[in-house]
Amino acid sequence: MDLLNQHSGLWLLGLALALLATGVIAGILAGLLGVGGGIVIVPVLYHLFTLLGIDESVRMHVTVGTSLATIIPTSIMSSRAHRKRGSLDLALIKRLMPSVIVGVLAGSIASRYLSGSVLTAVFATVALVVALNMAFKREGFALADGLPGPVGTSLLGGGIGGISTLMGIGGGTLSVPILNALRVPMHTAVGTGAMLGMVISFPGALAFLINGLGVADRPPASLGYVNLLGMAMIVPATMATTGWGAKLAHAIDARRLRQVFAVFLALTSLRMFYGLLH
């Protein structure tokens, strides 16, 4: 699909409606599953941009940059809500925050030099691990009691910040299961993940915006690697529908739903790996 077609009014209308649907899907699933929107937005955007013929050289960069940008307002609201509920452990956040910031900066710098294939491989690999964890995690499983020492905590925070930035997700997808496996109470782990999402999304999105300035073959309405039309459509839809998902969660078997989403993530991961090999 050439760029002239991409600038036609009908094509742009179709893109806007598809992005709106992405936001609705991400919001409902985030509320249903208690996962960050990024882990839903990235695979849906990736499939959408593939179907619309967005050039492979920029497809994953725009996907990741747009996802990080959409996380900024939702993570701010989520952090405020968790703080009001008292589910933020400030001592835990202070221990993790410095190394998370270092990881975000490292991921932001690396994203300038990494190809779309590498970003796709990073997402596909971690998504497969997340899917396996969601599908097979045993209740009560723990790696240790509490965070490791200073060096271990620094490596943990740096990994969460760097990998989340390269994947286009907030901190929750990685930090919540990791912290919970370290016997951090689930509500505290979720609140911490929301706060880390604020730290990760803003500088990460800014880096992708700057790194993509002037790059050819980006989809219309893109500023750097951030698609502004995507932000305008996805953010309101996600914020409006997360509550719907939370209400539906009480009427649906959450364990079975997580397994279904794990299958979706695993298939997305395998589809990405297949694309890299062909």
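Here's a quick rundown of the structure. Only a predicted model underlies this, so the values are computations on that prediction, with no experimental measurement involved.

1. Side note on the nonpolar core
1) Next: Core analysis: the biggest nonpolar cluster contains 68 residues, and Ile39, Met60 and Phe123 have the highest contact counts within it.
2) Next: Sorting elements by how many residues they give to this core places helix H3 (residues 38-51) first, with 9 residues.
3) Next: Excluding its chain neighbours within four sequence positions, the residues that come into contact with Ile39 are Phe123, Met167, Ile169, Thr173, Phe261 and Leu265.

2. What about the environment of Leu45?
1) Next: Take Leu45: it is sitting in helix H3.
2) Next: A relative accessible area of 0% means that Leu45 is categorised as buried.
3) Next: Along the chain, Leu45 and Val263 lie 218 residues apart, while their C-alpha atoms are 18 Å from each other.
4) Next: Not counting residues up to four positions away in its chain, the partners in contact with Leu45 are Leu19, Thr22, Thr63, Thr66 and Ile234.

3. Notes on a nonpolar patch on the surface
1) Next: Residues Phe202, Leu206, Ile210, Leu213, Leu223 and Leu228 make up a contiguous nonpolar surface patch of roughly 550 Å² in combined accessible area.
2) Next: Considering every element that reaches the nonpolar patch, the biggest residue donor is helix H9 (residues 186-211), with 3 residues.
3) Next: Within the secondary structure layout, Ile210 lies in helix H9.
4) Next: Its relative accessible area of 46% is what places Ile210 among the partly exposed residues.

4. Things to note about unusual backbone geometry
Apart from glycine, the bulk of residues carry a negative phi angle, and the bulk of peptide bonds sit in the trans form.
1) Next: Positive phi, close to 65°, is recorded for Arg183, a residue that is not glycine.
2) Next: Phi at Asp217 takes a positive value of approximately 70°, unusual for a residue other than glycine.

5. Overview of the packing of helix H6 (residues 116-136) against helix H7 (residues 150-167)
1) Next: Their axes nearest at 9 Å, the elements H6 and H7 cross at an angle of 115°. Where H6 crosses over H7, the handedness of that crossing is left-handed. Residues Leu119, Val122, Phe123, Val126 and Ala127 of H6 lie in contact with H7, whose contacting residues are Ile163, Leu166 and Met167.
2) Next: Partitioned by chemical class, the residues of the contact of H6 with H7 number 8 nonpolar, no polar and no charged.

6. Quick look at the packing of aromatic side chains
1) Next: Across all of its chains, the model carries 0 aromatic pairs by this definition.
2) Next: Cation over ring: Arg59 sits above Tyr46, and NZ or CZ is 6.0 Å from the ring centre.

Calculation rules
- Residues numbered from 1 in each chain as written.
- Predicted model: local features only at pLDDT ≥ 70, side-chain atom pairs only at ≥ 80, totals over all residues.
- Heavy atoms only, no water.
- Core = buried A, V, L, I, M, F, W, Y, C linked by side-chain atoms within 4.5 Å.
- Buried < 20%, exposed > 50% of the residue type's maximum accessible area, 1.4 Å probe, protein only.
- Helix = DSSP H or I, 4+ residues; strand = E, 2+ residues; numbered from the N terminus.
- Contact = heavy atoms within 4.5 Å.
- Patch = residues over 30% accessible without salt bridge, like charges linked within 9 Å, V, L, I, M, F, W, Y side chains within 5 Å.
- Areas by Shrake-Rupley, 256 points an atom, 1.4 Å probe, with all protein chains shown as cover.
- Salt bridge = Lys/Arg side-chain N within 4 Å of Asp/Glu carboxyl O.
- Axes fitted to C-alpha atoms, helices over the stretch in contact; angles between N-to-C directions.
- Left-handed = near helix turned anticlockwise from the far one by under 90°.
- Nonpolar A, V, L, I, M, F, W, Y, C, P; charged D, E, K, R; others polar.
- Phe/Tyr/Trp six-rings, centres within 6.5 Å; stacked < 30°, edge-to-face > 60°.
- Lys NZ or Arg CZ within 6 Å of the ring centre and 35° of its normal.

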